[in-house]
Amino acid sequence: MDDDILSNLTPPQLEAVIHKDGPMLVIAGAGSGKTRVVTRRIAYLISQGVWPSQILAMTFTNKAAKEMKSRVAALVGEEPRACGTFHSCCARFLRSDIELLKTGRTRDFTIYDTSEQQSVLKKVLKEANLKLPEGMTPRAFHELISMAKCRRQPFFDFAVGENLTAPERLAKIADLYEEKMVQLNAVDFDDLLYLTAKLLEEHPDVRDIYHNRFRYILIDEYQDTNHLQYELMRLLVGPSQNIHVTGDPDQSIYSWRGADYHNIMSFKDDYPDARIVRLEQNYRSTQVILETANHLIVNNGNRFEKNLFTDNDIGCPVVDITTGTDLQEAEWVCQKIMTLRATGEDLKDIAIFYRTNSQSRTLEEAFVRNHVPYQLLGGIRFYERAEIKDFLAFLRLKVNKSDIISLERIIGCLGCGIGAATTAKLEGIALEQHKPLVEFLAAPDFESRYPKANAKVKAFAKFLRNLLEIPMAPLAECVEQVLELSGLEDKYEGQINAEDRIDNMHELISNAITFADEHDDADLNSFLQEVALVADVDAHDANADFVTLMTLHSSKGLEFPYVFITGVEEGLLPHANSLYDEDGVEEERRLFYVGITRAKKQLCLIHCATRMMWNHREPRMPSRFLAELPEECVTKLYYGYRNYRK
DNA sequence: AAGACGGAGGTTTTT
DNA sequence: CCTCCGTCTT
């Protein structure tokens, strides 16, 4: 059925698929077959003689990229080579060309995650003896750095523009942070995009190479691009202007990350010759669900008018249920799921969405109690687990010997009797000898260079030498040997979660083996850089027999026959922190819209009269959005909620 | 100078 | 409830 590139397409879908040269914008409503269009178009291009290596496809998640690759492969037997998230594509570009930028970074750079980015900030503040303004956390400050970079503004200008207090001091700290990142041979997430844009801008010769290589560029979820990504796109698009973007302004939910849906609204201004195709027929949801979604979203002011319709069945009403407590909320969801299972439904067809990760806990407990198998996406991500970060620190240091943040982590988790003071002292001595710290410690003649070292330091230096001596190839053997040398298994042995933690570390090894199988050019460096950009939603297994739990944000791009959205309450959806302006509320409404439009057959919206929040039972109000739903589509129910009056 | 222990403080969403 | 930070003890 789907095995032929041009079969089973509606006229607008067909137009989007067979469009070959020049810019094109596809406004694709929820469930309108967007993924199908994008994959068919890639397959079509390949069937028309375009080489797979000439196609650059940027998606929002690695999962979407993976799916795109495999669906294209199923159609034409070949997959586009450059296919990934903005961040992973840029990481790949930088892996080959970062040295041209002469920032001092090498191709062995490390990608720091948010917590490491904060560690760098803290380190910088301490070293320079500077303080952030009262009430500003390193995390909040890094967000400002990120916003400035995403707007491609010097931090000082940004700070002045945003009316921040003490802009000079903040800019000083931001500069020190950048300097430190260079010293560490590290990049943060924004740097991946920022440095790639800089590379293309400053090196016309490199830009020409990319223009020649990527004759066709596709960008998915274009409504979620930020200014930096927009500029990156402009730089990547060659003279032939073969740029094909798809998106839906109503599903723009990442403005807090700098995403600006005006990018999609103004695409036709950037490319006046652009063909515009609208996909407005929904193939996913029942009429009731679609009507509910449409009725909700018209409450947003600034929209790209769109009229989504479906020929599907009417379907059963949306359930809007009030429960007394969050515990009852979880219990009701469980009961309902068990009923569905008893009537022959598969658990893999059921998903529960919520606004914040912390809401998952009560649900998980109920699932455990009721023996309902579930898989949780997000929350504490695999690669954020302490044991995995420990393990990665050893591996990272092997590739990037400037990565002092990883060195400090290694020192910390070895428990080898070396602390911050000793580390600082060693750093000072290494500096005196004009040697990077790791090189200084791991030098074969370390003991003669620094005879005053005590036994602990000597032992650590020897450990480091052994670590660095492990060959980096083949990948799997390297990873195994590093785990063995690190002693991490012994360290976690005897702790409460020992088994899980050790399993997790072994899972990392099998991830490395899989990675080596899937990539011919796999080495330790490329493995680590890939791992730094993997989100949990990418690990979602759509075929396992589990109920799926995730945030509303992670649900984008997925679909399930049965969808439950919990905590549809004021303060949670819309979230309390988004009430400061109307734009914030509109984004929350879009988020709710995204959640609703994931459902194919049935949708349940749940809110509680009271909820435990930081150990207090708080009274809760139903979300304002519930009042915006069409009455004729919604059935109201009550569970464990007695004092109800109509 | 390191590590254990206790108190305070703080929860949006993610590459 | 859990994480981070500072103090206290060794």
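A brief structural summary. (Residues numbered from 1 in each chain as written. Chains lettered and ligands numbered in written order. Predicted model: local features only at pLDDT ≥ 70, side-chain atom pairs only at ≥ 80, totals over all residues. Heavy atoms only, no water.)

## Remarks on the overall build of chain A
Filter applied, for reference: Helix numbers and strand numbers start at the N terminus; a helix is a DSSP run of H or I with at least 4 residues, a strand a run of E with at least 2. For a compact globule the rule gives 2.2 Å times the number of residues to the power 0.38, and the radius of gyration it is set against comes from C-alpha atoms. Only protein chains enter the accessibility calculation, which uses a 1.4 Å probe; a residue is then buried when its area is under 20% of its type maximum, exposed when over 50%, and partly exposed in between. By definition in these notes, contact holds between two residues if any of their heavy atoms fall within 4.5 Å. Every accessible area reported is derived by Shrake-Rupley at a probe size of 1.4 Å, with residue values counting cover from the shown protein chains alone.
Assigned secondary structure in chain A consists of 27 helices and 17 strands. Taken against the 2.2 N^0.38 rule, which gives 26 Å for 646 residues, the C-alpha radius of gyration of chain A at 26 Å falls within 12% of a compact globule. Here the C-alpha coordinates of chain A stretch approximately 85 × 60 × 50 Å along the principal axes. Counting only residues that meet the buried cut, chain A has 54% of its 646 residues in that class. Across chain A, contacts joining residues at least 24 apart in sequence account for 78% of those joining residues at least 6 apart. Of the accessible surface of chain A, which amounts to about 28700 Å², a share of 50% is contributed by carbon and sulfur atoms.

## Things to note about the pattern of salt bridges
The cut-off we apply is this: Salt bridges, as used here, are contacts in which a Lys or Arg side-chain nitrogen is within 4 Å of a carboxyl oxygen on Asp or Glu.
The tally for this structure, following the rule as stated, stands at 45 salt bridges. The closest approach of N and O atoms between Arg-284 and Glu-559, which form a salt bridge, is 2.7 Å. Taken together, the residues Arg-284 in the loop between strand 8 (275-279) and helix 14 (287-297) and Glu-559 in the loop between strand 12 (547-551) and strand 13 (560-565) connect sequence positions 275 residues apart. Arg-284 sits in the buried class, given a relative accessible area of 14%. Judged by its relative accessible area of 38%, Glu-559 falls in the partly exposed class. Notably, a salt bridge pairs Glu-331 with Arg-369, separated by 3.0 Å at the nearest N-O pair. Here Glu-331 is found in helix 15 (residues 326-342), whereas its partner Arg-369 is found in helix 16 (residues 360-369), with 38 residues between them in sequence. Overall, the relative accessible area of 18% leaves Glu-331 in the buried class. What makes Arg-369 partly exposed here is its relative accessible area of 44%. Each of Lys-34, Asp-220, Glu-221, Asp-224 and Lys-556 takes part in a single network of salt bridges with overlapping partners.

## Focus on the packing of aromatic side chains
The following threshold applies: Stacked, edge-to-face and tilted are the three classes for Phe, Tyr and Trp ring pairs, Trp counted by its six-membered ring, which pair at centre distances within 6.5 Å; planes under 30 degrees apart are stacked, over 60 edge-to-face, the rest tilted.
Within this structure, the stated rule accounts for 19 aromatic pairs. For the ring pair Tyr-222 and Phe-267, a centre distance of 5.8 Å and an interplane angle of 85 degrees mean the geometry is edge-to-face. A residue pair is termed long-range when its members are at least 10 positions apart, and Tyr-222 in the loop between strand 6 (216-219) and helix 11 (227-236) and Phe-267 in helix 13 (residues 267-270) qualify at 45 residues. By relative accessible area, which is 1% here, Tyr-222 ends up buried. Its relative accessible area of 0% is what places Phe-267 among the buried residues. Where Phe-515 meets Phe-527, the ring centres are 5.4 Å apart and the plane angle is 55 degrees; that geometry is what we call tilted. Remark: Phe-527 occurs in helix 26 (residues 524-531) and Phe-515 occurs in helix 25 (residues 498-518); sequence separation between them is 12 residues. Looking at Phe-515, the relative accessible area reads 7%, which means it is buried. Judged by its relative accessible area of 2%, Phe-527 is buried. Following the ring pairs from residue to residue traces out a cluster consisting of Phe-60, Tyr-254 and Trp-256.

## So, the environment of Lys-398
Test applied: Here a polar contact means two N or O atoms within 3.5 Å. Within protein one must be a hydrogen donor candidate and the other an acceptor candidate, and residues neighboring in sequence count only if both atoms are side-chain atoms.
Among the structural elements, Lys-398 can be located in helix 17 (residues 386-399). C-alpha of Lys-398 to C-alpha of Val-438: the two residues are 40 residues apart in sequence and 9.9 Å apart in space. Ignoring anything within four residues of it in the chain, the contact list for Lys-398 reads Leu-467, Leu-468, Glu-469, Ile-470, Met-472, Cys-478, Val-482 and Leu-524. Among the polar contacts listed, one links the side chain of Lys-398 to the backbone oxygen of Leu-467, at a separation of 2.8 Å. Among the polar contacts listed, one links the side chain of Lys-398 to the backbone oxygen of Ile-470, at a separation of 2.5 Å.

## Observations regarding the sheet that holds strand 8
Put simply, the test is: By definition, two strands form a pair when at least two bridges between them are found by DSSP. Throughout, an axis means a line fitted to C-alpha atoms (over the contacting stretch in the case of helices), and angles, computed between N-to-C directions, take values from 0 to 180 degrees.
Overall, parallel pairing links the 6 strands, which are arranged 3-2-6-7-1-8 in an open sheet. The sheet terminates laterally at strand 3 (82-85) and strand 8, the two strands that pair on one side only. Shown here is a sheet whose adjacent strand axes are inclined to one another by a mean of 10 degrees, direction ignored. Judged from the 5 bridges that link them, strand 1 (residues 24-28) and strand 8 form a sheet pairing that is parallel. Looking at the pairing, Met-24 lines up with Arg-275 of strand 8. The sheet strands contacting helix 1 (residues 11-18) are strand 1, strand 7 (243-247) and strand 8, and the helix crosses strand 8 at an angle near 140 degrees. In the packing of helix 4 (residues 86-97) onto the sheet, the strands contacted are strand 2 (55-59), strand 3 and strand 6, and the crossing angle to strand 3 comes to about 125 degrees.

## Things to note about the protein's contact with DNA strand B
Threshold: One heavy atom within 4 Å of a molecule or strand makes the whole residue count as near it.
For DNA strand B, the set of nearby residues contains 25 residues, the closest of which are Arg-355, Asn-357, Gly-419, Thr-422 and Trp-614. Of everything in DNA strand B that lies within 4 Å of the protein, sugar and phosphate atoms constitute 50%. In this structure, a phosphate oxygen belonging to DNA strand B sits 2.7 Å away from a main-chain N or O atom of Asn-357. The separation between a phosphate oxygen of DNA strand B and a polar side-chain atom of Thr-422 is 2.2 Å. Among the elements that make up the surface near DNA strand B, the one with the highest residue count is helix 19 (residues 420-432) (3 residues).

## Here's the deal with the protein's contact with DNA strand C
Inspection of the region around DNA strand C gives Lys-122, Arg-361 and Asn-615 as its neighbouring residues. Lys-122 is positioned with one of its side-chain polar atoms (N or O) 3.4 Å from a phosphate oxygen of DNA strand C. In this structure, Arg-361 approaches DNA strand C through a side-chain N or O atom, which is 3.5 Å from a phosphate oxygen.

## Topic: the sheet that holds strand 14 (residues 599-608)
Strands sit in the order 11-12-10-13-14-9-17 across an open sheet of 7 strands; the sheet is parallel. Each of the sheet's edge strands pairs with one partner strand only, and the pair in question is strand 11 (374-376) and strand 17 (634-639). This sheet shows a mean twist of 20 degrees between the axes of neighbouring strands, independent of strand direction. Of the strand pairs in this sheet, strand 10 (residues 350-354) and strand 12 are connected by 4 bridges, and their pairing is parallel.

## Some details on the nonpolar core
Basically, it comes down to this: Think of a nonpolar core as a cluster: buried Ala, Val, Leu, Ile, Met, Phe, Trp, Tyr and Cys residues, connected wherever their side-chain atoms sit within 4.5 Å.
Ranked by size, the top nonpolar core spans 74 residues in total, and within it Phe-141, Phe-155, Phe-391, Leu-395, Leu-407, Phe-460 and Leu-508 carry the most contacts. For this core, the leading source of residues is helix 17, giving 8 residues. The contact partners of Leu-407, leaving out residues within four places of it in the chain, are Leu-397, Leu-437, Val-438, Phe-460 and Leu-464. Core analysis: the next-biggest nonpolar cluster, separate from the first, contains 46 residues, Phe-93, Leu-193, Ile-217 and Leu-236 among them.

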